[in-house]
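Structure at a glance
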Amino acid sequence: MPQNPAPLPDFTRWPSFPFEGDMRIKQIAAPVAVEPPRSGEDASECVACNTPDDAYIWHSERWRVRAMDRPTGLPMVVILECRSHLDLGDLPNLLAAELGVMTVRLERAIRSLDGVARVHVNRWGDGSAHLHMWFLARPYGQLQLRGTFLSLWDDILPSIPEQQWRENLALVAAWLAEFGGEANAEPPHIQWESPASFSTSPTAETSASVSATASVSTASGDSPSVSGPSDSAAADSSSTSGAMSRESNADSTSAVASVEPAAGAASGPSSDVGGVDASGAAGDRNTSSGPTVPRQATGETSSRV
């Protein structure tokens, strides 16, 4: 290590620089005579060319958009690829013109997401020979993430929730599909959880009925130690039947006494009518079954599901 290390560049003091503390600049390696081939120089070995359409969130006849395999720190990071095995400088005029349209369209789709302030568009091209453009969304209000270090912050920040990540992918894919192509990304489905059947407990209904009956009795001033409604009704019915029976016997005796003198005497309309009325009234009272006992409240309750 040299005695006088090179001073750190000014960007290390920018608010957007993601590191702090003691740092030193690496030694610059000597240049190589021939650069190694990039991944996918041969189309038969190109990963992008051999990946099916269902691995992308959106695809059309000439363009495809893919996402990372997992959520990252930024709300959205996607890559735009042309379907043909070409690099940026190899694009024919048609694809070059469409690249400008697709760049603007995808930037608008990402910027439409909630919480996105800006979209950074980058193209490096040192890793893969197949053209791929990076789109990185900067969160709204996160001023420290502005500038050229956004791709570094994406690896530093905690990952966003997977559900939000999938929703964002589905929205971007749907936006692109409005202009053509096919969207493959779908928002996460709601996990409905419900019982297989609904049933009520007989024990619970019985308890509710007894509680309601006890509440009605207490409100009317009855003591809990007094016999239940059925016993009271039976006692009232027995007393009433006995009184009616004694009343009926007395009426029958009076009726017989009224009819017998009339049979030996001269017939007269007043005696016949009086005897018939008396016996008829007595007959009606004998056939009476007693007063109707009012039905007690059962105290049933209904539970709404």
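Residues numbered from 1 in each chain as written. Predicted model: local features only at pLDDT ≥ 70, side-chain atom pairs only at ≥ 80, totals over all residues. Heavy atoms only, no water.

1. Re the overall build of the protein chain
Here is the rule: Secondary structure counts use DSSP, requiring at least four H or I residues in a row for a helix and at least two E residues in a row for a strand, with both numbered from the N terminus. Summary of the burial criterion: residues with accessible area below 20% of their type's maximum are buried, those above 50% are exposed, and those between are partly exposed, where the area comes from a 1.4 Å probe applied to protein chains only. In this analysis, two residues are considered to be in contact whenever any of their non-hydrogen atoms come within 4.5 Å of each other. Only the protein chains shown count as cover for residues, and all accessible areas are computed by the Shrake-Rupley method using a 1.4 Å probe.
Scanning the protein chain for helices and strands turns up 6 helices and 6 strands. Secondary structure elements in the protein chain, listed N-terminal to C-terminal, are β-β-β-α-β-β-α-α-β-α-α-α. For the protein chain, the proportion of its 305 residues judged to be buried stands at 24%. Of the contacts made within the protein chain by residues no fewer than 6 positions apart, 62% connect residues no fewer than 24 positions apart. Counting every atom, the protein chain has about 21,100 Å² of accessible surface; 54% of that belongs to carbon and sulfur.

2. Comments concerning the pattern of salt bridges
Note the cut-off: A pair is scored as a salt bridge if a Lys or Arg side-chain nitrogen falls within 4 Å of a carboxyl oxygen belonging to Asp or Glu.
According to the stated counting rule, one finds 11 salt bridges in the structure shown. A salt bridge links Arg62 to Glu98, with the shortest nitrogen-to-oxygen separation between them at 2.5 Å. With Arg62 in the loop between strand 1 (58-59) and strand 2 (63-67) and Glu98 in helix 1 (residues 93-111), this pair connects stretches of sequence that are 36 residues apart. A relative accessible area of 31% means that Arg62 is categorised as partly exposed. Salt bridges linked by common partners bring Arg38, Glu41, Asp87 and Arg123 together as one network.

3. Examining the nonpolar core
Quick note on the threshold: Among buried residues, the Ala, Val, Leu, Ile, Met, Phe, Trp, Tyr and Cys ones that are joined through side-chain atoms within 4.5 Å form a nonpolar core.
Core analysis: the largest hydrophobic core is formed by 29 residues, its most contacted members being Ile57, Val78, Leu80, Leu106, Ile110 and Val172. Among the elements of the structure, strand 2, strand 3 (77-82), helix 1, strand 4 (116-122), strand 5 (132-139) and helix 3 (162-177) are those that each provide at least two residues to this core. It is helix 1 that provides the largest number of residues to this core, a total of 6 residues. Discounting residues that sit within four places of it in the chain, Leu106 has contacts with Val65, Val78, Leu80, Phe135, Val172 and Leu176. Core analysis: the second largest hydrophobic core is formed by 8 residues, Leu136, Phe149, Leu150 and Trp153 among them.

4. Description of the confidence of the model for the protein chain
A low pLDDT score tells you not to read the predicted coordinates there in detail. Spelled out, the test is: Per residue, pLDDT measures the predictor's confidence, with a range of 0 to 100.
Here the protein chain averages 76 in pLDDT, and 60% of its residues register 70 or above. Within the model, the stretch residues 216-305 combines pLDDT values under 50 with 28 contacts to residues more than four positions away or in other chains.

5. Focus: the sheet that holds strand 5
To be explicit about the condition: Two strands pair under a simple rule: DSSP has to find at least two bridges between them. Only the stretch in contact is used when fitting a helix axis, every axis being a line fitted to C-alpha atoms; angles between N-to-C directions are given from 0 to 180 degrees.
Here 6 strands make up an open sheet; going across it, the order is 4-5-3-2-1-6 and the pairing antiparallel. Edge positions in the sheet fall to strand 4 and strand 6 (182-183), since each has one partner strand and no second. Of the strand pairs in this sheet, strand 1 and strand 6 are connected by 2 bridges, and their pairing is antiparallel. Within the sheet, the bridge partner assigned to Trp58 lies in strand 6 and is Ala183. Contacts from helix 1 reach strand 1, strand 2, strand 3, strand 4 and strand 5, with the element oriented near 155° to strand 4.

6. Examining a nonpolar patch on the surface
The condition that has to hold: Patch membership is restricted to residues that have no salt bridge and whose relative accessible area is over 30%. Joining uses 9 Å for like charges and 5 Å for the nonpolar side chains Val, Leu, Ile, Met, Phe, Trp and Tyr.
Together, Phe19, Met23, Leu152 and Ile156 give the surface a local cluster of nonpolar side chains, amounting to about 330 Å² of exposed area. Residue position: Ile156 is located in helix 2 (residues 150-156).

7. Details of the packing of helix 1 against helix 3
Test applied: Working rule for angles: under 35 degrees goes down as roughly parallel, over 145 as roughly antiparallel, 65 to 115 as roughly perpendicular, anything else as oblique. Crossing handedness follows the turn of the near helix against the far one: under a right angle anticlockwise gives a left-handed crossing, and clockwise gives a right-handed one. We call Asp, Glu, Lys and Arg charged. Ala, Val, Leu, Ile, Met, Phe, Trp, Tyr, Cys and Pro are nonpolar, and the rest, Gly among them, are polar.
Between helix 1 and helix 3, the shortest axis-to-axis distance is 9 Å and the interhelical angle comes to 140°. When the axis of helix 1 is compared with that of helix 3, the two are oblique. Crossing handedness for the pair helix 1 and helix 3: right-handed. Only Val172, Trp175 and Leu176 of helix 3 make contact with helix 1, whose side of the interface consists of Arg105, Leu106, Arg108, Ala109 and Ile110. Residue composition of the contact of helix 1 with helix 3, by class: 6 nonpolar, no polar and 2 charged.

8. Details of the pairing of strand 3
The element strand 3 is largely enclosed, with a buried count of 6 among its 6 residues. Judged by which residues are buried, strand 3 turns out to be covered on both faces: Val77, Ile79 and Glu81 on one side and Val78, Leu80 and Cys82 on the other are all buried. Across 5 bridges, the pairing between strand 2 and strand 3 is antiparallel. When the bridges of strand 3 are listed, Ala67 appears paired with Val78.

9. Things to note about helix 3
As a reminder, the rule being used: What a helix should span is 1.5 Å times the count of its residues minus one.
Between its first and last C-alpha, helix 3 extends 22 Å over 16 residues, near the 22 Å set by a 1.5 Å rise per residue. For helix 3, the full list of buried residues reads Trp165, Asn168, Leu169, Ala170, Val172, Ala173 and Leu176.

10. Observations concerning the side chain of Ser16
As for its position among the elements, Ser16 is in the segment before strand 1. Using a relative accessible area of 9% as the deciding quantity, one classes Ser16 as buried. Those residues in contact with Ser16, other than ones at most four positions away along the chain, are Gln144, Arg146, Phe149 and Trp153.

11. A look at the pairing of strand 5
Along strand 5, 7 of the 8 residues are buried, which leaves the element largely enclosed by surrounding structure. In this structure, strand 3 lies alongside strand 5, joined through 5 bridges in antiparallel fashion. Bridge pairing in strand 5 links Glu81 to His132.

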